[in-house]
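Below, each chain spelled out in residue letters.
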Amino acid sequence: MRITIIGVGYVGLVTGACFADMGNRIVCADVDKKKIQLLSKGTIPIFEPGLEEIVRRNLNHRLFFTNNIGHAVRESDFIFIAVGTPSKQNGQVDISYIEKAARVIAAHLDQYKVIVNKSTVPIGMGYLVARIIQKYSTGQTPFDVVSNPEFLREGSAVKDLLKPHRVVIGADRREIAQKVSEIYEPLHCPILLTDLKSAEMIKYASNAFLACKISFINEIANMCDQVGADIHQVTQGIALDPRIGDQFLNAGLGFGGSCFPKDVSALIQMGKKHGYQFKILPEILEVNQFQRKWFISKVKQTLGVLKGKTIAIWGISFKPDTDDLREAPSLEIIPALQKAGAHVKLYDPVCTLAAKQIFKNVQVCKTAYEAAKNADALGLLTDWNEFKQIDFKYLKSILKSPIIIDGRNIYDPHEMLENQFIYQGMGQGTRLYSLDQ
Ligand code: NAD
Ligand code: UGA
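A few points on the structure. Just so we're clear, the structure is a prediction, and the values are computed from it rather than from any experiment.

## Describing helix α2 (residues 33-40)
Its side-chain oxygen at 3.2 Å from the backbone nitrogen of Lys34, Asp32 defines the N-terminal cap of α2. Two residues or fewer after α2 comes Gly42, characterised by a positive phi angle close to 85°.

Next comes the structure, spelled out in structure tokens:
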């Protein structure tokens with residue numbers, strides 16, 4: 001099939017590369033000149049496991065990159081929109097990138113095409129896209145607009161795209177949704193055909209539910225801290241009930257990234273616009289913010305005064321296997337530690353350059369051990385695999401004090417005790433805490 005993808009970010013690039021690998025002819029178009037230049041040479045501008053290999057395998061054979069969006073529109077029968085839909089200050093969705101893409105599609109609509117919206121968009125956006133295309137095209141060329149929300153996760157995006165739990169395709173004409181579903185047939189996954197608005201809603205409902213699970217388990221973890229219970233044992237116990245399941249129950253610093261915070265905020269704002277006041281959703285965000293403060297209070301209570309202390313930070317990306325720092329807990333925690341007078345040394349396996357650009361007055365280190373050397377405490381913010389294979393004896397010998405505050409619960413408190421660390425996880429029942437202590 002001939003497919004154009006507008007917007008070559010995490011979603012657009014992974015979608016384009018995987019669709020090409022499945023045998024389609026893909027044109028990926030983006031307004032970002034530098035990004036297209038790099039991609040045309042096979043250089044991937046983001047860190048995403050497995051992606052570079054697929055791009056290189058298909059480059060200039062079935063996969064093409066361009067800044068000429070109009071030309072890319074004319075080249076294909078299916079036009080996927082995968083541009084960003086960031087939050088505005090008030091939490092509403094900034095739909096301006098989608099509107100711009102729709103106008104370019106309109107200007108170059110030379111024959112019938114199916115426009116497939118893959119970006120996460122406010123409910124009803126599909127109809128707005130159709131109205132824009134109708135208004136700015138000659139009005140003579142037929143087209144259809146379909147919603148096909150994306151559920152991939154950064155860090156496992158290629159795997160998620162090639163082995164999805166489900167593909168959702170929403171269109172008011174079933175035969176058009178079926179046409180789009182043919183693209184996904186080689187994946188042999190469940191394909192759900194819905195109406196347009198329901199598909200758009202499924203995306204927000206999925207992300208809000210997952211965010212809700214994380215905030216829920218974080219509150220239970222905080223309560224475990226207070227009463228001396230262990231969140232690991234608690235989650236094991238509840239997860240054995242198949243109605244609850246064992247996924248997405250890792251307590252810690254809360255969710256970050258470009259999607260959960262933005263999509264929960266967007267759903268709250270959409271509710272307001274349509275006369276419905278969500279009650280659960282604002283609490284999900286509040287608990288999420290609180291987790292960062294809870295972590296900082298643990299550091300303060302373990303170390304006492306922070307002024308003049310050196311704290312090593314391991315991991316700054318919002319989760320492992322990505323270089324994405326959007327809404328990462330590190331963005332709040334590091335400046336808060338500095339504000340309290342601490343000096344921060346940090347290490348992240350991939351975000352070295354970004355760390356130097358984003359954080360002021362930090363020492364960016366080349367290895368985890370270099371960051372830990374002579375530090376008064378070690379704070380773990382991202383659960384990169386690299387941090388799971390640590391020589392504890394050596395670590396203890398280089399830290400000034402053997403203190404570890406583990407924001408992602410990757411270490412076993414008993415093993416830490418055996419190695420004579422002063423160890424704090426999140427909800428591991430090792431100490432009693434309250435914010436005003
Ligand atoms: P991104 O910011 O990584 O990439 C967006 C790209 O669109 C950028 O390269 C930008 O230059 C380009 N762009 C913007 N306006 C354009 C235009 N008019 N024409 C051509 N290109 C344009 O965004 P992303 O993370 O890939 O997210 C895209 C959408 O997918 C969002 O709606 C997001 O909510 C949704 N989503 C993201 C993920 C994820 O894990 N990142 C997962 C599922 C869904
Ligand atoms: C999330 C969803 O999982 C995807 O299905 C969705 O497509 C995507 O948002 C999106 O709409 O963009 P992503 O943000 O890439 O994907 O990453 P997740 O693995 O979901 O993690 C999100 C955040 O939650 C991370 O900060 C992670 O550390 C945190 N998390 C996750 C927890 O704190 N506990 C958990 O149990 C799971």
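Additional details are given in the paragraphs that follow.
## Considerations on the pairing of strand β12 (residues 377-380)
The side-chain alternation of β12 yields two buried faces, one formed by Ala377 and Gly379 and the other by Leu378 and Leu380. Pairing analysis gives three bridges linking β12 to strand β13 (residues 403-406), with the strands arranged parallel. Pairing of Leu378 across the sheet is with Ile404, part of β13. Crossover handedness for the path β12 to helix α16 (residues 392-398) to β13: right-handed.

## Quick look at the site of ligand 2
In the region of ligand 2, 19 residues are neighbours, and Phe151, Leu152, Lys203, Asn207 and Cys259 sit closest. Here Asn207 contributes a side-chain N or O atom positioned 2.8 Å from an oxygen atom of ligand 2. Separating an oxygen atom of ligand 2 from a side-chain N or O atom of Arg408 is a distance of 3.1 Å. Considering ligand 2 on its own, with 700 Å² of exposed area, one finds that the protein chains cover 89% of that surface. With three residues, helix α9 (residues 196-227) is the largest single contributor of residues to the shell around ligand 2. Counting the residues that make up the shell around ligand 2, at least three belong to each of domain 1 (2-194) and domain 2 (196-437).

## Brief notes about the pattern of salt bridges
Applying the stated criterion to the full structure yields 17 salt bridges. For Glu53, the salt bridge is made with Arg57, and the minimal N-O distance between the two is 3.4 Å. Pair noted here: Glu53 and Arg57 are both in helix α3 (residues 51-58), with a separation of four residues, about one helical turn. Classification of Glu53 as exposed rests on a relative accessible area of 54%. With a shortest N-O distance of 2.7 Å, Arg153 and Asp160 are connected by a salt bridge. You can call Asp160 buried: its relative accessible area is 12%.

Conventions used here
Residues numbered from 1 in each chain as written. Chains lettered and ligands numbered in written order. Predicted model: local features only at pLDDT ≥ 70, side-chain atom pairs only at ≥ 80, totals over all residues. Heavy atoms only, no water. Polar contact = N/O pair within 3.5 Å; in protein donor to acceptor, adjacent residues only side chain to side chain. Helix = DSSP H or I, 4+ residues; strand = E, 2+ residues; numbered from the N terminus. Buried < 20%, exposed > 50% of the residue type's maximum accessible area, 1.4 Å probe, protein only. Pairing = 2+ DSSP bridges. Right-handed = clockwise from strand over helix to strand, strands pointing away. Near = heavy atom within 4 Å. Areas by Shrake-Rupley, 256 points an atom, 1.4 Å probe, with all protein chains shown as cover. Domains from an automatic or database assignment. Salt bridge = Lys/Arg side-chain N within 4 Å of Asp/Glu carboxyl O.

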